[in-house]
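Given next are the chains, with one letter for each unit.
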Amino acid sequence: MTEKEKMLAGEVYSATDPELLSELNEVKDAIHRYNALLPSQLSERLQMLKALLGHVGDDEVFINQPFYCDYGKHISVGHHFFANFNLTILDEARVTIGDDCFFGPNVSIYTACHSTDPTERNTRQEWARPVTIGHNVWIGGSVTILPGVTIGASSVVVSDIPSGTFAVGNPCRVVRTIGQNEKTR
């Protein structure tokens, strides 16, 4: 298997593989161009997102600049997606975001994992775990989503959060169930 195939399969891979580094730099260039567009260049922004990301929903997809990601093509966003300023997605594994999702500013999604042992970490070996965010989810500002997590709404998330719940805190925990017609304040 290539290092890229290992990465996408969730196996340990070399983060310094020349093929991976080349792809990362190509995407950094594309992201730089995206972030340099004028905010009023809405159609150009959408066209660039459709070229960069693996899947973009057809209706009302909007990511405020600046936006950062590693590979882009491992990211799928559904219809009616809005992300505020400074969205960062480290997409070494798949990141799937459902329909009608809203992200506050400074949201970070990480799929890359590293050893906590310094000797192992210094070998630049890592692995990745996918992140899945369901439909109708609002992620508040400055939320960090860690590798391998499936969520509804959250704060700093280190484990799965069931659908239809309101969760907060660090670490995040379910506070209450949300009714279908409930208005949040």
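Residues numbered from 1 in each chain as written. Predicted model: local features only at pLDDT ≥ 70, side-chain atom pairs only at ≥ 80, totals over all residues. Heavy atoms only, no water.

### Some points on the sheet that holds strand E6 (residues 82–83)
Across a sheet, paired strands are connected by hydrogen bonds in the backbone, their directions being either parallel or antiparallel.
Piece 1. Across the sheet, 4 strands lie side by side as E3-E6-E9-E14; this open sheet has parallel pairing. Here the strands that pair on one side only, and so sit at the sheet edges, are strand E3 (62–63) and strand E14 (138–139).
Piece 2. Bridge count for E6 against strand E9 (residues 102–103) is 2 bridges, and the pairing is parallel. Note on E9: the bridge partner recorded for Ala 83 is Phe 103. (Pairing = 2+ DSSP bridges. Helix = DSSP H or I, 4+ residues; strand = E, 2+ residues; numbered from the N terminus.)

### What about the pattern of salt bridges?
Piece 1. This model, assessed by the stated rule, comprises 3 salt bridges.
Piece 2. Note that Lys 6 is salt-bridged to Glu 3, the shortest N-O span being 3.0 Å. With Lys 6 and Glu 3 both in helix H1 (residues 3–8), this residue pair falls 3 residues apart, about one helical turn.
Piece 3. Look at Lys 6 and you get partly exposed, because its relative accessible area is 22%. (Salt bridge = Lys/Arg side-chain N within 4 Å of Asp/Glu carboxyl O. Buried < 20%, exposed > 50% of the residue type's maximum accessible area, 1.4 Å probe, protein only.)

### Description of the packing of helix H2 (residues 18–36) against helix H3 (residues 42–52)
Piece 1. Between H2 and H3, the least distance of the axes is 10 Å, while the angle of their chain directions is 165°. One finds that H2 runs roughly antiparallel with respect to H3. When you trace H2 past H3, the crossing you get is left-handed. Contact residues: H2 offers Val 27, Ala 30, Ile 31, Arg 33 and Tyr 34, while H3 offers Arg 45, Met 48, Leu 49 and Leu 52.
Piece 2. Here the residues of the contact of H2 with H3 are counted per class, giving 7 nonpolar, no polar and 2 charged. (Axes fitted to C-alpha atoms, helices over the stretch in contact; angles between N-to-C directions. Parallel < 35°, antiparallel > 145°, perpendicular 65-115°, else oblique. Left-handed = near helix turned anticlockwise from the far one by under 90°. Contact = heavy atoms within 4.5 Å. Nonpolar A, V, L, I, M, F, W, Y, C, P; charged D, E, K, R; others polar.)

### Regarding H2
Piece 1. For H2, which comprises 19 residues, the first-to-last C-alpha distance of 27 Å matches the rise-based estimate of 27 Å (1.5 Å per residue) to within 8%.
Piece 2. Along H2, the positions that sit buried rather than exposed are Leu 20, Glu 23, Leu 24, Val 27, Ala 30, Ile 31 and Tyr 34. Down the axis of H2, the buried side of the element spans an arc of 130°, and every buried residue falls inside it. Exposed side of H2, more than 90 degrees from the buried face: Pro 18, Glu 26, Lys 28, His 32 and Ala 36 are the residues found there. (Expected span 1.5 Å × (residues − 1). Arc of directions from axis to C-beta.)

### Observations regarding the nonpolar core
Piece 1. Ranked by size, the top nonpolar core spans 36 residues in total, and within it Phe 67, Phe 81, Ile 97, Phe 103, Ile 109 and Ile 133 carry the most contacts.
Piece 2. Within the residue set of this core, elements represented by two or more residues are H2, H3, strand E4 (67–69), strand E5 (75–77), strand E7 (87–90), strand E8 (95–97) and strand E13 (131–133).
Piece 3. One finds Met 7, Leu 20, Leu 24 and Tyr 71 within the second-largest nonpolar core, a separate group that totals 5 residues. (Core = buried A, V, L, I, M, F, W, Y, C linked by side-chain atoms within 4.5 Å.)

### Examining the environment of His 135
Piece 1. With respect to the helices and strands, His 135 occurs in the loop between E13 and E14.
Piece 2. Along the sequence, His 135 and Gly 78 sit 57 residues apart, while their C-alpha atoms lie 8.2 Å from each other.
Piece 3. The residues touching His 135, leaving out its near neighbours within four places in the chain, are Gly 98, Asp 99 and Cys 101.
Piece 4. One polar contact links the side chain of His 135 to the main-chain amide nitrogen of Asp 99, over a distance of 2.7 Å. (Polar contact = N/O pair within 3.5 Å; in protein donor to acceptor, adjacent residues only side chain to side chain.)

### Some words on the packing of aromatic side chains
Piece 1. For the coordinates displayed, the defined rule picks out 4 aromatic pairs.
Piece 2. Each ring, one from Tyr 34 and one from Phe 67, has its centre 6.2 Å from the other, and the planes form 80°; the classification is edge-to-face. On the criterion of sequence distance, the pair formed by Tyr 34 in helix H2 and Phe 67 in strand E4 is long-range, its members being 33 residues apart. We note that Tyr 34, like Phe 67, is buried.
Piece 3. Look at Phe 81 and Phe 103: their rings are 5.1 Å apart centre to centre, the planes differ by 85°, and that puts the pair in the edge-to-face class. Remark: Phe 103 occurs in strand E9 and Phe 81 occurs in the loop between E5 and E6; sequence separation between them is 22 residues.
Piece 4. Using a relative accessible area of 1% as the deciding quantity, one classes Phe 81 as buried. (Phe/Tyr/Trp six-rings, centres within 6.5 Å; stacked < 30°, edge-to-face > 60°.)

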